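# Chains, contacts and geometry: an overview
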Amino acid sequence: MIKKRLCAQILMVSLLTPAFADNLLKGTVIGTTESVNYQNNAKTTTINTRENAFDGDLNTFFASWERSYTWTGLDLGEPYVITRVGWSPRNDGLGEQRVLLGVFEGANREDFMDALPLYVIPENGKIGTMSYADIQCSKGFRYVRYVGPSDARCNIAELEFYGHPGAGDNSHLYQVTNLPTVSIHTLNGEIPYDKEHQIASQLTIISDNGSKLLSEPGTTRERGNASRDFPKKPWRIKFDTKQNVLDAPAKAKKWTLINNYGDKTLMRNLLAFELSRRLGMDYTPYGTAVDVLLNGEYKGCYQLCDQVTINKNRVNITEMTPEDNQGVALTGGYLIEVDAYAWQEKSWFNSNKGNPVTIKSPDEDEITARQKQYISNFFNKMENQWSTYLDLNSFLRHFLVGELSGNTDTYWSVFMYKQRDEDLMHVGPVWDFDLAFNNDQRIYPVNGHRDYLYRDGGSCAGQMRTFVDNIVVKDAAAKRQMLAIWDEARQSGLTEENMIAYIDRWEADLQQSQHLNFLRWPILNQRVHQNPPTKGSFQAEVEVLRTYMKERFAWMDKKLGYTYKPNAISELPLDKTQPYQVFSLSGQPCGNSIESLSPGIYIIRQGSATQKIVVR
């Protein structure tokens, strides 16, 4: 009698929903086989099974034995375009919460390696009734499923899928929010667990309002150092073949998914990369915000970013082979990192002055003894004679990004590179700003410090504090060059107004994603990592960035002895058919063309005429 009443209740709810043409789909129940018997907290395959989610009875439910990455669904026998899904949570005290961020997926492989998301539930369920969502996905699927959110044991009372037969197409796919969606499925559902083991994966990116799909095989592993200790894990993804990803300049195999767990604005790295661009760094890593799912489980808002590798659109130097062991070939290119965690790596050395250095390229499995000896010798020579062997221009721009952003980790981890047949060590790119912009309790508030941050509370690997002192504190010529770089950047648009506008743009773009992220990771009122006092909301955390930037520009101007006066220079016409020479504002030659210049203000000498010109 109870079952008849509940079935009637489902029918009544269906009648109350808008009329819908497609049929309720039937099929063979598939999914996680092991369930839990709550009476004795034991593993079972006969009680609370996956079949309960399709029996038409709201009083029964499926509850898996494992707490996460569990699911139930249907083998429909042939592809169907899914147009609506329905769900109802388990009828108990926690049931309504247990469907929040549950994920619906469709696939044409039984193992769901090729699965695409159909819908993410953005709110609590309603006990004793069905909730419905229309599905905006044009592709047909034979296999459909519901993946319970993390730590929920699936706990679903009833599921429904509606649709019509057809293979469909990829013309319109589902994105979790307005941001691109990155969906990773690993072989046999194995979860990445360290930095060494690469798990075979299908890597899928949906973008451009669901109209663009990139889905290719590859691998996934963990990445990072301290960030790996957070419950929201960072990953490195690697496609089997080089791919163009979103609007990134580089076509490459390796990409990073930065977790931003301790950064409650979810944009500090993106903001720092904008500073890098405006300060004219030769290479600024690509980065953008994305939503991430792993094996059908929603993981949150991440930053999809370049892996710092050798590439014509990343670190643009010659990539070495094991045969490059003598002559000019031995001189480069090398990508290294002054790295406080270098001792954990396979390929590293300590410099003569006590700085730990990881060799990033050549790769640890390919570098030869002669190559390692060469780059360690050159680094030692650069430390002793930096005025001759250090590219001061890149060092100073990198320094200014670190200090302007208030990054405590600027000299905890420093990328450097050396090109073949060149006797200079370049500094860059910038990296790792989770603790920047007033997000580190150990140095909070940053603008209350009188000295540069690297000297007053910042973290430095080895003896990097002394190395930097020798340049920016003790060398008068270096200080003059730094002031010229600062003036050039300030006059070219590195202003409080422009940076706040950049923050405003990302705040708007992140609204949908941050809401889901902090449902998944409810930490807005918790101090995690090195957080200073919490603000309690995403909006309030973003306001910290605005306030910081307003104060920091004034702090930097004062520290550098600089008075900012907006320049009325506009873009001036240039006759490119006639020869000309280009110089920086400090008088350094920049070649005979403006085509490849970084944005900024330059001096152009053409014939007897000299003028300033803005390159945007």
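See above for the structure.
Residues numbered from 1 in each chain as written. Predicted model: local features only at pLDDT ≥ 70, side-chain atom pairs only at ≥ 80, totals over all residues. Heavy atoms only, no water.

## Regarding the overall build of the chain
Let me state the cut-off plainly: Segments assigned H or I by DSSP are reported as helices when at least four residues long, segments assigned E as strands when at least two residues long, and all are numbered from the N terminus. Each residue gets one of three labels from its accessible area relative to the maximum for its type: buried under 20%, exposed over 50%, partly exposed in between, using a 1.4 Å probe on protein chains only. Between two residues, a contact is recorded if the distance between any of their heavy atoms is within 4.5 Å. For the area figures, the Shrake-Rupley method with a 1.4 Å probe applies, and any residue is considered shielded solely by the protein chains shown. Counting rule for charge: Lys and Arg are taken as positive, Asp and Glu as negative, and neither His nor the chain ends is counted. Working definition for charges: the position is that of NZ of Lys, CZ of Arg, CG of Asp or CD of Glu.
A count of helices and strands for the chain gives 10 helices and 25 strands. Dimensions of the chain along its principal axes, counting C-alpha atoms only, are 95 × 55 × 50 Å. Out of the 616 residues belonging to the chain, those deemed buried represent 58%. Look at the contacts in the chain between residues 6 or more apart in sequence, and 69% of them connect residues 24 or more apart. By element, 46% of the accessible surface of the chain is carried by carbon and sulfur atoms, the whole surface being about 25,900 Å². Each charge class in the chain can be summarised by its mean position, and for the 67 positive and 73 negative side chains these summaries are 3 Å apart.

## Concerning the sheet that holds strand β22 (residues 426–427)
As a reminder, the rule being used: Strand pairing is assigned whenever DSSP identifies at least 2 bridges connecting the two strands.
With respect to topology, five strands assemble into an open sheet ordered β19-β20-β18-β21-β22, the strand pairing being antiparallel. The two strands at the open ends of the sheet, each matched to only one other strand, are β19 (348–350) and β22. The sheet contact formed by strand β18 (residues 334–339) and strand β21 (residues 413–418) spans six bridges and is antiparallel. Within the sheet, the bridge partner assigned to Leu335 lies in β21 and is Tyr417.

## Regarding the packing of aromatic side chains
For clarity, the cut-off: By convention, a stacked pair of Phe, Tyr or Trp rings (six-membered ring in the case of Trp) has centres within 6.5 Å and planes under 30 degrees apart, an edge-to-face pair has planes over 60 apart, and any other such pair is tilted. Charges are assigned to positions over rings by a cutoff of 6 Å between ring centre and Lys NZ or Arg CZ, combined with an angular limit of 35 degrees from the ring normal.
Summed over all chains, the structure comprises 28 aromatic pairs. With centroids separated by 5.9 Å and ring planes inclined at 80 degrees, the aromatic side chains of Phe399 and Tyr454 adopt a geometry described as edge-to-face. With Phe399 in helix α5 (residues 392–405) and Tyr454 in the loop between β22 and α6 (464–472), this pair connects stretches of sequence that are 55 residues apart. Residue Phe399 shares its accessibility class with Tyr454, and that shared class is buried. Three or more aromatic residues joined by ring pairs make a cluster, and in this case those are Phe395, Phe399, Tyr411, Tyr452, Tyr454, Phe467 and Trp555. For Arg145, the ring lying beneath its charged end belongs to Trp71, and the centroid distance is 4.8 Å. Above the plane of the ring of Trp65 lies Arg153, whose end atom (NZ or CZ) is 5.4 Å from the centre.

## So, the pattern of salt bridges
Rules: In what follows, salt bridge is the name for a side-chain nitrogen of Lys or Arg lying within 4 Å of a carboxyl oxygen of Asp or Glu.
Within the structure shown, the criterion is met by 30 salt bridges. With a shortest N-O distance of 4.0 Å, Glu34 and Lys43 are connected by a salt bridge. Between Arg552 and Glu403 there is a salt bridge; the shortest N-O distance is 3.5 Å. Of this pair, Arg552 sits in helix α10 (residues 538–560) while Glu403 is found in helix α5, placing the two residues 149 residues apart along the sequence. An identical accessibility class is assigned to Arg552 and Glu403; each is buried.

## Concerning a negative patch on the surface
For the record, the criterion: A patch consists of residues whose relative accessible area exceeds 30% and which take part in no salt bridge; residues with like charges are grouped when within 9 Å of each other, and nonpolar side chains (Val, Leu, Ile, Met, Phe, Trp, Tyr) when within 5 Å.
Together, Glu319, Asp363, Asp365 and Glu366 give the surface a local cluster of negative charge. Tracing the backbone through its elements, the reader meets Asp365 in the loop between β20 (356–361) and α3 (369–384).

## Remarks on helix α2 (residues 268–278)
Of all 11 residues in α2, nine are buried; the element is thus mostly enclosed. Those residues of α2 that sit buried are Arg268, Asn269, Leu270, Leu271, Ala272, Phe273, Glu274, Leu275 and Ser276. Summarising the contacts, the buried residues of α2 are in contact with β15 (251–258), β16 (287–294), β17 (297–306), α5, α8 (496–509) and α10. Just downstream of α2 lies Gly280, where phi reads positive at about 75 degrees.

## Things to note about unusual backbone geometry
What is expected of a backbone is that most residues other than glycine have negative phi and most peptide bonds are trans. With omega at 10 degrees, the peptide bond leading from Ser361 into Pro362 counts as cis. Note that Pro362 resides in the loop between β20 and α3. Residue Tyr444 is joined to Pro445 through a cis peptide bond whose omega torsion reads -5 degrees. Of note in this structure, Asp151 is not a glycine but carries a positive phi near 65 degrees. Residue placement: Asp151 occurs in the loop between β9 (140–147) and β10 (156–165). Phi at Asp421 takes a positive value of approximately 55 degrees, unusual for a residue other than glycine. Within the secondary structure, Asp421 is located in the loop between β21 and β22.

## Topic: the sheet that holds β15
This is how it is decided: The axes are straight lines fitted to the C-alpha atoms, using for helices just the contacting stretch, and the angles between their N-to-C directions are given from 0 to 180°.
A barrel is described by the order of its strands in space; here seven strands give the closed sequence β11-β12-β13-β14-β15-β17-β16, paired in mixed fashion. Ignoring which end each strand starts from, the neighbouring axes of this sheet average 35 degrees apart. Relative to strand β14 (residues 235–244), strand β13 (residues 212–222) runs antiparallel, the two being bridged by five bridges. Looking at β14, one finds that Glu222 is bridged to Trp235.

## Thoughts on the pairing of β13
Relative to β13, strand β12 (residues 199–207) runs antiparallel, the two being bridged by nine bridges. Note on β13: the bridge partner recorded for Leu203 is Glu216. What sits between β12 and β13 in their antiparallel hairpin is a turn of four residues, with Asp208 showing a positive phi close to 55 degrees.

## What to know about helix α9 (residues 511–520)
Considered for burial, the residues of α9 that qualify are Ser513, Gln514, Leu516, Asn517, Phe518 and Arg520. Residues of α9 that are buried in the fold lie against β16, β17 and α10.

## Overview of the side chain of Gln202
Note the threshold: Polar contact is defined as a pair of N or O atoms within 3.5 Å, subject to the rule that within protein one atom must be able to donate a hydrogen and the other to accept it, and that residues adjacent in sequence are counted only when both atoms are side-chain atoms.
Residue placement: Gln202 occurs in strand β12. A polar atom in the side chain of Gln202 sits 3.1 Å from the side chain of Ser215. Discounting chain neighbours no more than four positions away, the residues touching Gln202 are Met113, Ser183, Ile184, His185, Ser215, Glu216 and Pro217.

## Focus: the nonpolar core
The condition that has to hold: Definition of nonpolar core: a set of buried residues of the types Ala, Val, Leu, Ile, Met, Phe, Trp, Tyr and Cys, connected through side-chain atoms within 4.5 Å.
Within the largest apolar cluster, 97 residues are counted, with the highest numbers of intra-cluster contacts made by Phe395, Ile471 and Trp486. Residue contributions to this core peak at nine residues, all from α10. Those residues in contact with Ile471 that lie beyond four places of it in its chain are Trp386, Leu390, Leu392, Phe395, Leu396 and Ala478. Counting 37 residues, the second largest nonpolar core, distinct from the first, contains Val29, Val120, Val144 and Leu159.

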